[in-house]
Amino acid sequence: AEVSEGGAALLIGGYALSVDAASLVASGWARWARSDRGAVRDAVPTIDIVTTERRDAEGGAGWHWMPGSVWRTVRESAQRGPVAILVPRAGYVRGAACARCDAWALCVECESMLEVPARGVPPRCIDQGHPQPDWHCPECHGSALKHVRQGASLVAEQLARMLGEIPLTVSTAAAGVSPDFEVAGGVVLATPGALPAVRGGYLHMVITSAGVPAGTGLGGELQALRWWLSAAALCRSRREGGAVSVVGELPPSVARALSTWSPAAAAEVAFSERSSLGLPPHRRYVTVTGAPDVVARALAAAGVEDGNGGVTTVARPEGAGVLLPRSRAQDVVDALRATQQQLSRDRSELRIRVDGPLELPT
């Protein structure tokens, strides 16, 4: 898109822009440099969201990690050009359940989820690595595990059998990341950050288990959108037959932005929603960490009081989080830093972080 005749002091670009970029536009500090919608449509691949209704219509095959209709397209496309299959998780099995009653398999010591590191290896918990060689379900006493969240290593085993004579390249941190333009054909299985570019672009791409990963917090939807659009950008244009099949459970806003290739609109919606709730970047977020008396002294010195002047405090371990109107943020941060310097001379520790991850109470 054309920016201006005189250029720009700052240009922010990407396949999916952040909510912070949208806030710069909302404040009048920046403006969108949008391409013509027709030009965008011609330049990007066709995005096909495989809906729940379509999977139901296929019966059991529709609920395989690779629905039958998508698999037929993969095999046909692989005869004519390179195909990519993206999986969101590395490893072998990153989540298991009881094969008898479907209850999640949890560690008997810390109750974190179980994983299977490799074929023939006993399960262990994800958080602490506690081995669980004799695991039994506390609900039904079953001992067999069902692989729920399959990792790239297990999917690669299945694909090798499914593809037959079609070459398979695995590009992950564990298997080794393939360099760009080294693969010429066949199927490439990769995690999002390890997908190599191919000359001319992929003819077809399948994004499996697409969704918003748990634990990403505020901004998780835009992060997921960035992953999938950055991968889809490695496909051929729709004029050249390029297409992407998206299999998973996506929030409506993410599905809409993917299918229409409109990430800027998604960022605008996210900023509007956060503004209505008073969340960053509509307001600034400052965390203050230290002993309770030290934190109280610092907040008092900065004139921070919950509910006063648009300020909201959020309880945090070993301190407090403070949501501030942007107009007040710099003065408060300056006052906190001055107190920090005073406390340092008294050998008291106070840690300050501006615009870090927002942690809301559950």
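What this report covers is the structure whose coordinates are included nearby. Just so you know, these numbers come straight off a predicted model, no measurement behind them.

Moving on, we come to a nonpolar patch on the surface. A cluster of nonpolar side chains, namely Leu10, Ile12 and Trp29, defines an oily patch on the protein surface of about 350 Å² accessible area. Counting through the fold element by element, Leu10 comes out in the segment before α1 (19-26).

In this section: the sheet that holds strand β11 (residues 283-290). Where strands meet in a sheet, backbone hydrogen bonds hold them as pairs that are either parallel or antiparallel. Ordered in space as β12-β13-β11-β14, the four strands form an open sheet in which the pairing is antiparallel. On the outer flanks of this sheet lie β12 (312-316) and β14 (350-354), each paired with one strand and no other. The average angle at which neighbouring strand axes cross in this sheet is 20°, direction not considered. Direction of pairing for β11 relative to β14: antiparallel, over a ladder of five bridges. By the bridge assignment, Val288 is partnered in β14 with Ile352. Packed on one face of the sheet, helix α9 (residues 292-301) meets β11, β13 (319-325) and β14 and runs near 145° to β11.

Within the fold, Gln158 resides in helix α5 (residues 152-163). The residues contacting Gln158, other than those within four sequence positions of it, are His64, Trp65 and Gln150.

For Ala190, the location among the structural elements is in strand β8 (residues 187-190). For Ala190, a relative accessible area of 0% corresponds to the buried category. C-alpha of Ala190 to C-alpha of Ala175: the two residues are 15 residues apart in sequence and 9.7 Å apart in space. Those residues within four positions of Ala190 in sequence are excluded, and the remaining contacts are Ile85, Leu86, Val87, Ser171 and Leu195.

Each value, and the rule that gives it
Residues numbered from 1 in each chain as written. Predicted model: local features only at pLDDT ≥ 70, side-chain atom pairs only at ≥ 80, totals over all residues. Heavy atoms only, no water. Patch = residues over 30% accessible without salt bridge, like charges linked within 9 Å, V, L, I, M, F, W, Y side chains within 5 Å. Areas by Shrake-Rupley, 256 points an atom, 1.4 Å probe, with all protein chains shown as cover. Salt bridge = Lys/Arg side-chain N within 4 Å of Asp/Glu carboxyl O. Helix = DSSP H or I, 4+ residues; strand = E, 2+ residues; numbered from the N terminus. Pairing = 2+ DSSP bridges. Axes fitted to C-alpha atoms, helices over the stretch in contact; angles between N-to-C directions. Contact = heavy atoms within 4.5 Å. Buried < 20%, exposed > 50% of the residue type's maximum accessible area, 1.4 Å probe, protein only.

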